[in-house]
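Residue-level structure breakdown
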Amino acid sequence: DAGIMLLKGHGTDKNTTKARQYLEKAAKAGHKGAPGTIGYLELNENGNVTGAVHYFNQSHQLGDTDATHNLAIIQTFYETFDPDPYYAHKMFKLASDGGHKDATMISAEQSLHGIHNQTGDCPSALKYIKKLSDQSNYVTRLMREAVKSYQDGKYDDAFLEYLILAESGIEMAQYNLGWLCQQFPFEITHQIPECTREYYSKSAGNGYGPSQAFLANHLWKKGDYYESARWYAKAADNKVDEGLFGLGYFAKEGIAVGVVTVNKTSIYFGPDQNITLTKELWSDCFHLGGEEAVVGCGVPLLWFTLTSISLSTLLTTLLPAVSVLAVLALVVSRCTNS
């Protein structure tokens, strides 16, 4: 500990010479991190890569994951040695198995891309990704990095970062990953079978409303109306306008899916049209108040209302009102122009 304090200048003046003396004593006493810290000094203070590798190896043999990770970094990025990506990958994996977060991230990326001429190995990549699931501080930082990668148009980087978050069980990241696969299938070089459907489904299962609406639409297109209606209901419970609109459409077309629970209310969808129910659901959707709800549900609700008005109502109510508006517009036009 004294060596580290002198090395970093914590609570005392920085003194790398005296720090090394303490670290060498700690190394002789069997402290697993001490040789690796001397290796850090050799690399960053003296530029001695060979000496750094010697000390990193000592700490690696004692089970220090930082040293194992550093050996892999040197083998990957320093030209002093002939690059050996297979050895580096092996060392990253060993460090990851010991709980090293950065090594886990690199192992996941290498497994996904593949080493040299080898093809990617998605199951292995996901195995490493899942190790990060309980590291909340890491997840928070990675979410910011994923957003920035997307904003910078680096869709491959965003894909990998969202993949880590998605496999950690974060529903918004699962949704974003599904959306990336849907919107940029040619820009993303990573391949996950049925990526869009798989991650929307995971997000929906974790309670994320927009993903539930997507899954409902997907099932509706496949003709699975029974399951589609239930996912629309879950989306409606999460105040997603598309959920209420989809259920209203089922009622309008008379698609029989039985009893569906929406916002703790059981509603029966039978084989006959239920115009009243359609209007109620689309009206509830409209009153959610968002722009998509106003346009997505308000416009069809207005059209549906107009087309369902009887001729007598049209002649006695709507046309006189339209006539008054027309006369008013004519008066305003002539008076402002005179």
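In case you missed it, the structure is sitting above this.
To keep things clear, this report deals only with the structure shown in the data block. Keep in mind that this is a model prediction, so the values were computed, not measured. (Residues numbered from 1 in each chain as written. Predicted model: local features only at pLDDT ≥ 70, side-chain atom pairs only at ≥ 80, totals over all residues. Heavy atoms only, no water.)

Observations regarding the pairing of strand β1 (residues 258-262)
Here is the rule: One bridge is not enough; two strands pair if DSSP finds at least two bridges between them. Here a strand is any run of E in DSSP of at least two residues, a helix any run of H or I of at least four, and the numbering for each starts at the N terminus.
Pairing between β1 and strand β2 (residues 265-269): five bridges, direction antiparallel. Looking at the pairing, T261 lines up with S266 of β2. Hairpin remark: β1 followed by β2, antiparallel, with two residues in the connecting loop; positive phi at N263, about 50°.

Focus on a nonpolar patch on the surface
Worth spelling out the cut-off: Nonpolar side chains (Val, Leu, Ile, Met, Phe, Trp, Tyr) are joined into patches within 5 Å and like charges within 9 Å, using only residues with over 30% relative accessible area and no salt bridge. Surface accessibility follows the Shrake-Rupley procedure with a 1.4 Å probe radius. Residue values consider only the protein chains on display as shielding. Any Lys or Arg side-chain nitrogen located within 4 Å of an Asp or Glu carboxyl oxygen qualifies as a salt bridge. Exposure is judged per residue with a 1.4 Å probe applied to protein chains only, and the accessible area is read against the type maximum: over 50% gives exposed, under 20% gives buried, and values in between give partly exposed.
A cluster of nonpolar side chains, contributed by W220, Y225 and Y249, occupies part of the molecular surface with about 260 Å² of accessible area. Taking relative accessible area as the criterion, Y249 reaches 30% and is therefore assigned partly exposed.

A word on the state of the cysteines
The condition that has to hold: In plain terms, two cysteine sulfur atoms within 2.5 Å form what is called a disulfide here.
Within the structure shown, the criterion is met by one disulfide. With its sulfur 1.9 Å from that of its partner, C181 forms a disulfide with C195. Handedness of the C181-C195 disulfide follows from its S-S torsion of about 55°: it is right-handed. With a gap of 14 residues between them, C181 in helix α11 (residues 171-183) and C195 in helix α12 (residues 195-205) connect regions that are remote in the sequence. For the residue pair C181 and C195, the accessibility class agrees, reading buried in each case.

Remarks on the packing of aromatic side chains
Note the cut-off: The rule is short: rings of Phe, Tyr and Trp, with Trp giving its six-membered ring, pair when the centres are within 6.5 Å, and they are stacked under 30 degrees, edge-to-face over 60, tilted in between. Two limits define a charge over a ring: the Lys NZ or Arg CZ must be within 6 Å of the ring centre, and within 35 degrees of the ring normal.
Applying the stated criterion to the full structure yields twelve aromatic pairs. Here Y232 and F250 contribute two aromatic rings whose centre-to-centre distance is 6.0 Å and whose plane-to-plane angle is 80°, an arrangement assigned as edge-to-face. Remark: F250 occurs in helix α15 (residues 241-253) and Y232 occurs in helix α14 (residues 225-237); sequence separation between them is 18 residues. Across the pair, exposure class does not vary: Y232 and F250 are buried alike. One aromatic cluster is present, built from ring pairs that chain together Y150, Y155, W179 and F184. Residue placement shows R230 over the ring face of Y226; its charged tip is 3.5 Å from the ring centre.

Digging into the side chain of S228
Put simply, the test is: Only heavy atoms enter the contact rule, under which two residues are in contact if any of them lie within 4.5 Å.
You can see S228 is positioned in helix α14. Given a relative accessible area of 0%, S228 falls into the buried group. Setting aside anything within four residues of it in sequence, one finds S228 in contact with A216, L219, W220 and F250.

Regarding the environment of H31
Turning to its location among the elements, H31 is positioned in the loop between α2 (16-28) and α3 (34-44). Take H31: its relative accessible area is 49%, and that puts it in the partly exposed class. For the pair H31 and L62, spaced 31 residues apart in sequence, the C-alpha to C-alpha distance is 8.3 Å.

Here's the deal with the nonpolar core
Defined as follows: We define the nonpolar core as a collection of buried residues of types Ala, Val, Leu, Ile, Met, Phe, Trp, Tyr and Cys that are connected through side-chain atoms lying within 4.5 Å of one another.
Ranked by internal contacts, the top residues of the largest apolar core, which has 27 residues, are F159, Y162, L163, L165, L177, C195 and Y199. When residues of this core are traced back to their parent elements, those giving at least two are α7 (101-113), α8 (122-130), α9 (136-151), α10 (155-167), α11 and α12. Broken down by element, this core gets its largest block of residues, eight residues, from α10. Excluding residues within four positions of it along the chain, Y162 makes contact with M143, A146, V147, A173, N176, L177 and L180. Judged by nonpolar contacts, the second largest core, of 23 residues, contains A204, A216, L277 and C297.

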